[in-house]
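Tertiary structure, described
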Amino acid sequence: MLNSLQSWFSRRQFPIDTIKKPWVLATLGAVLSLLIVAVLWRGQSHYVPLYGVHQKVPADAVASALASEHIDFRINPDNGQILVADDLLARARMVLAGKNIQPVVAPGFELMDKDEILGASQYIQNIRYQRGLEGELARSIMSIEGVEEARVHLGIQAESGFVLSSQPPSSASVVLTLSAGIRLTAAQVRAITQLVAGSVPGLLAANVHVVDQTGALLNEAGNDQAVSDDLLQAVARPVTRNLTQLLDSAVGHDNYRVTVMPALDLRKSEETDEVLQGEPRVLEEQVNNDSSALSTASGVPGTLSNRPPAESKPDDNSKTNQMHSQTQRKYAYDRQIRHIKYPDQQLARLQVAVALNAAAGNIAGMSEAQLGQLKSLLENAAGIDSARGDTLSLDKLSFVAPPAVSVPVIAWWQQPDIQFWVTRGGIGLLALLMIVLVIRPRVIARNRQLQASSDGTAPAAGEINDSASASGHQFENEAELPPRASGIEDKVAYLQQLAENETDRIAEVIKQWINSNDRSRDNV
């Protein structure tokens, strides 16, 4: 194998020893590495997903169909998507469509466009409508950032004609598959809950349950701790920003520390007040007056008194006049009824602590009056309400200097950008030297040989010597010695070439020349 390569290079006037030189081998290795990197980079950068993230396809069927059509594909290890070359994307989709392999998505209201089945009942229509509604809600939820997949299950209660019904209300459940490292905020969970509740008539947001792929109930009632943490940050952030802006101008940056700790009241409370105003007014009045004239009772009590009186002449003095008067009045006051429903999250108390660096020159020279003025400004900036129980403390402290961080100084030749361009420039320079010093002389010598052979004449000895001196040496094949008839200049040049490449062969060549001269004398 090696002998065949040497003979191939010798026929083309390209010495095999030239390739053995370290700089030639390094140049060839660099060029080969560049070619491999370029091929790999080109193969990696032009592969695109066959379908979207939310479009699920049977991977085994797609792989079989693409392999049968000799279409190269890859599988993304992160999300399992099938990748094809960008110039083969349209062809791959046409092949899959021809084999009836379509991405599986949640069906929506297109289910209602199907032809009616003979004898389909209202129950089938209701189930089809419910499935379409679930698919549409799933598509809407998957459009939220961070949600890869969603499934919605609706438990819609049928309407009843009775006024009183013991049937349970409608409910819904949502199962979410979130992206890696994504955690939905409380606001996003409430938005999903309101989206589902607002799409189903009669569905309350309290009956919607949202679950992620780990089985955690995102809108759990007992999840107030996570909600309160977000609310604490939302309340503390603007207060901290206001205090920071004021202290930056007053004492300078890094000369203070601010801590804001709000206390929230998450209880639900309502209040109703009724206030009576002004003097009472008569709303309704009723007056009854009765008068009667009765004779006075006489005689002995007993059975005789029960008899009817005997007829006698009337006597006006024996009659008694009776009068009865009754008055009823209803009074009413002007009143004002006020119903107050307090929010679920209220700021119960705000505590702020501000520490100033006593080692700073402008802070060390502050008097008590200046500190009191600064404290008053901070209280106004933080919105401190003493009636609510808010407090703000301002003190001077000796700050501990942080440990010095030694940043390593990188020399200019160690910087990544410099190394990148030096590496690229070195590769380009090696390729240029390879072309100029190796390939170009070989091409020129080859052209001269072809031109000389076409003319039928050999170059003169002076021309050979000139070309030998221009290319470095005359002998292209080190395996063959110069002919015995060569001049002393050619032999010396050959010995110089051996001294550069193969020093151990000099003595052998000189010995061979001496023996050849001795044989020539003996023949004479």
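For every chain, the first residue of the written sequence is number 1, and numbering continues from 1 onward in sequence order. This being a predicted model, a pLDDT of at least 70 is required before a residue's local features are given, and a value of 80 or more before pairs of side-chain atoms are given or counted; all residues contribute to the totals for chains, interfaces and linings. Excluding hydrogens and water, the side-chain figures rest on all heavy atoms present in the structure.

Secondary structure elements are taken from DSSP: a helix is a run of H or I of four residues or more, a strand is a run of E of two residues or more, and numbering for both begins at the N terminus. Counting secondary structure elements, the chain contains 14 helices and 11 strands. Out of the 524 residues in the chain, the part that is buried amounts to 21%. Put simply, 69% of the contacts in the chain that link residues at least 6 apart link residues at least 24 apart. When the accessible surface of the chain is totalled, it reaches about 37,400 Å², and 56% of it is carbon and sulfur. For each residue, the accessible area found with a 1.4 Å probe, counting protein chains only, is set against the maximum for its type, and the residue is called buried under 20%, exposed over 50%, and partly exposed in between. Residue contacts are counted whenever heavy atoms from the two residues lie within 4.5 Å of one another. The accessible surface values rely on the Shrake-Rupley method and a 1.4 Å probe; as for residues, cover is taken only from the protein chains in view.

Moving on, we come to the nonpolar core. Nonpolar side chains in soluble globular proteins tend to end up buried together. Here, nonpolar core refers to any group of buried Ala, Val, Leu, Ile, Met, Phe, Trp, Tyr and Cys residues whose side-chain atoms link them within 4.5 Å. Core analysis: the biggest nonpolar cluster contains 22 residues, and I141, L154, L176 and V196 have the highest contact counts within it. At the level of secondary structure, the elements contributing two or more residues to this core comprise α6 (122–142), β4 (147–155), β5 (171–178), α7 (186–199) and β6 (208–211). Counting residues per element, this core draws most heavily on α6, at 5 residues. Beyond its immediate chain neighbours, meaning those up to four positions away, L154 contacts Q130, L133, E134, L137, S171, A172, V196 and V200. One finds Y256, V260, M366 and L392 within the second-largest nonpolar core, a separate group that totals 20 residues.

Attention shifts here to the confidence of the model for the chain. Per-residue confidence from the predictor is reported as pLDDT, which spans 0 to 100. Overall, the predicted model of the chain reaches an average pLDDT of 76, with 69% of residues at or above 70. Ranking the elements of the chain by mean pLDDT puts helix α12 (residues 461–471) last, at 43, and β6 first, at 92.

Next up on the list: the packing of α6 against α7. Simply put, an axis is a line fit to the C-alpha atoms, just over the touching stretch for a helix, and the angle between two N-to-C directions goes from 0 to 180 degrees. Here α6 crosses α7 at 155°, and the two axes come no closer than 11 Å. By the angle between their axes, α6 is roughly antiparallel relative to α7. Crossing geometry of α6 relative to α7 is assigned as right-handed. Here L133, L137, S140 and I141 of α6 lie close against α7, whose contacting residues are I192, L195, V196 and S199. We call two directions roughly parallel when the angle between them is under 35 degrees, roughly antiparallel when it is over 145, roughly perpendicular when it lies between 65 and 115, and oblique otherwise. Two helices cross in a left-handed way if the nearer one is turned anticlockwise from the farther one by less than a right angle. They cross in a right-handed way if the turn is clockwise.

This part takes up the sheet that holds β5. Within a sheet, neighbouring strands are paired by backbone hydrogen bonds and run either parallel or antiparallel to one another. Spatial strand order, β4-β5-β6: 3 strands in an open sheet with mixed pairing. This sheet does not close on itself; its edge strands, each paired only once, are β4 and β6. The average undirected angle you get between the axes of adjacent strands in this sheet is 15°. For two strands to be treated as a pair, DSSP must find at least two bridges joining them. Judged from the 4 bridges that link them, β5 and β6 form a sheet pairing that is parallel. Looking across to β6, one finds that S173 is bridged to H209. Contacts from α6 reach β4 and β5, with the element oriented near 150° to β4. Of the strands in this sheet, β4, β5 and β6 are in contact with α7, which crosses β6 at around 135°.

With that settled, the discussion passes to unusual backbone geometry. Not every positive phi belongs to a glycine, and H70 is a case in point at roughly 60°. Structurally, H70 can be placed in the loop between α4 (59–68) and β2 (73–75). For D254, which is not a glycine, the phi torsion comes out positive at approximately 65°. Mapped onto the secondary structure, D254 falls in the loop between α8 (224–250) and β7 (256–265).

On to the pattern of salt bridges, then. Counted as salt bridges are all cases of a side-chain nitrogen of Lys or Arg within 4 Å of a carboxyl oxygen of Asp or Glu. Counted under the stated rule, the structure contains 8 salt bridges. The partner of D265 in a salt bridge is R267, and the shortest N-O contact between them spans 3.0 Å. Look at D265 and you get buried, because its relative accessible area is 18%. A salt bridge links R335 to E274; the shortest N-O distance between them is 2.8 Å. Highlighted residues: R335 in strand β9 (residues 319–341) and E274 in strand β8 (residues 270–295), separated in sequence by 61 residues. Here E274 falls in the partly exposed class, since its relative accessible area comes to 47%.

Moving on to α7. In this analysis, the expected span of each helix is defined as 1.5 Å times one less than the number of residues it contains. For α7, spanning 14 residues, the distance from its first C-alpha to its last is 20 Å, which sits close to the expected 20 Å at 1.5 Å a residue. Looking at α7, one finds that the buried residues are A186, V189, I192, T193, V196 and A197. All buried residues of α7 lie within an arc of 130° about the axis, which places them on one face of the element. Read the arc as the range of directions from the helix axis to the C-beta atoms.

Here we come to the environment of L264. Topologically, L264 is positioned in strand β7. We classify L264 as partly exposed; its relative accessible area is 23%. Each C-alpha atom, one on L264 and one on A348, is 5.1 Å from the other, the two residues being 84 residues apart in sequence.

In spatial order, the strands read β7-β10-β11; together these 3 strands make up an open sheet with mixed pairing. Every interior strand has two partners, whereas the edge strands, β7 and β11 (391–397), have only one. Adjacent strand axes in the sheet meet at a mean angle of 10°, parallel and antiparallel pairs treated alike. When strand β10 (residues 346–357) meets β11, the two strands line up parallel, connected through 7 bridges.

Quick look at helix α10 (residues 368–382) now. Across its 15 residues, α10 extends 21 Å between first and last C-alpha, which sits within 8% of the 21 Å expected from 1.5 Å per residue. Along α10, the residues that are buried comprise L371, L374, L378 and A382. Down the axis of α10, the sector holding all buried residues measures 70°, keeping them to one side. Turned more than 90 degrees away from the buried face of α10, the exposed residues are A369, Q373 and N380. The positive-phi residue at the C-terminal boundary of α10 is G383, with phi of around 75°.

What follows concerns a nonpolar patch on the surface. Exposure above 30% relative accessible area and the absence of a salt bridge qualify a residue for a patch, where like charges join within 9 Å and nonpolar side chains (Val, Leu, Ile, Met, Phe, Trp, Tyr) within 5 Å. A cluster of nonpolar side chains, namely L429, L430, L432, L433, I435, V436, L437, I439 and V443, defines an oily patch on the protein surface of about 740 Å² accessible area. You can see L433 is positioned in helix α11 (residues 416–455).

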